[in-house]
Amino acid sequence: MNSAGSALTSLKKLDFWAEEAAKALEGLEYSTFLVGTKVSGLLSENEEILC
């Protein structure tokens, strides 16, 4: 699969997960939405080296 096909597949998965998140949040009131991730130590260390 080429990178364009891979990106399209990822976007389709994004839509699915966005819908799942919206369903999970039904009934809750919120004014902001924050998405986060856990970064591996190696990735964090490489970022420090590059900056």
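Residues numbered from 1 in each chain as written. Predicted model: local features only at pLDDT ≥ 70, side-chain atom pairs only at ≥ 80, totals over all residues. Heavy atoms only, no water.

### Considerations on the overall build of the protein
Here is step 1 of the chain: Per the secondary structure count, the protein includes two helices and zero strands.
Here is step 2 of the chain: Relative to its 51 residues, the protein shows a buried fraction of 0%.
Here is step 3 of the chain: Surface summary for the protein: the accessible area is close to 5100 Å², and the carbon and sulfur share equals 60%. (Helix = DSSP H or I, 4+ residues; strand = E, 2+ residues; numbered from the N terminus. Buried < 20%, exposed > 50% of the residue type's maximum accessible area, 1.4 Å probe, protein only. Areas by Shrake-Rupley, 256 points an atom, 1.4 Å probe, with all protein chains shown as cover.)

### Focus: a nonpolar patch on the surface
Here is step 1 of the chain: Nonpolar side chains collect at one region of the surface, where Leu28, Tyr30, Phe33 and Val35 lie side by side and expose about 490 Å² of accessible area between them.
Here is step 2 of the chain: Mapping Leu28 onto the fold places it in the loop between helix H1 (3-25) and helix H2 (41-50). (Patch = residues over 30% accessible without salt bridge, like charges linked within 9 Å, V, L, I, M, F, W, Y side chains within 5 Å. Salt bridge = Lys/Arg side-chain N within 4 Å of Asp/Glu carboxyl O.)

### Regarding the environment of Leu25
Here is step 1 of the chain: With respect to the element layout, Leu25 can be found in helix H1.
Here is step 2 of the chain: Look at Leu25 and you get partly exposed, because its relative accessible area is 22%.
Here is step 3 of the chain: Beyond its immediate sequence surroundings of up to four residues, Leu25 is in contact with Tyr30 and Phe33. (Contact = heavy atoms within 4.5 Å.)

### A word on the pattern of salt bridges
Here is step 1 of the chain: Taken as a whole and assessed by the stated rule, the structure comprises one salt bridge.
Here is step 2 of the chain: A salt bridge links Lys23 to Glu20; the shortest N-O distance between them is 3.4 Å. Of this pair, Lys23 and Glu20 both sit in helix H1, separated by three residues, roughly a single helical turn.
Here is step 3 of the chain: Note on Glu20: relative accessible area 30%, which makes it partly exposed.

### With respect to the packing of aromatic side chains
Here is step 1 of the chain: This model, assessed by the stated rule, comprises one aromatic pair.
Here is step 2 of the chain: Relative to Trp17, the ring of Phe16 has its centre 4.8 Å away and its plane inclined at 75 degrees; by these criteria the two rings are edge-to-face. (Phe/Tyr/Trp six-rings, centres within 6.5 Å; stacked < 30°, edge-to-face > 60°.)

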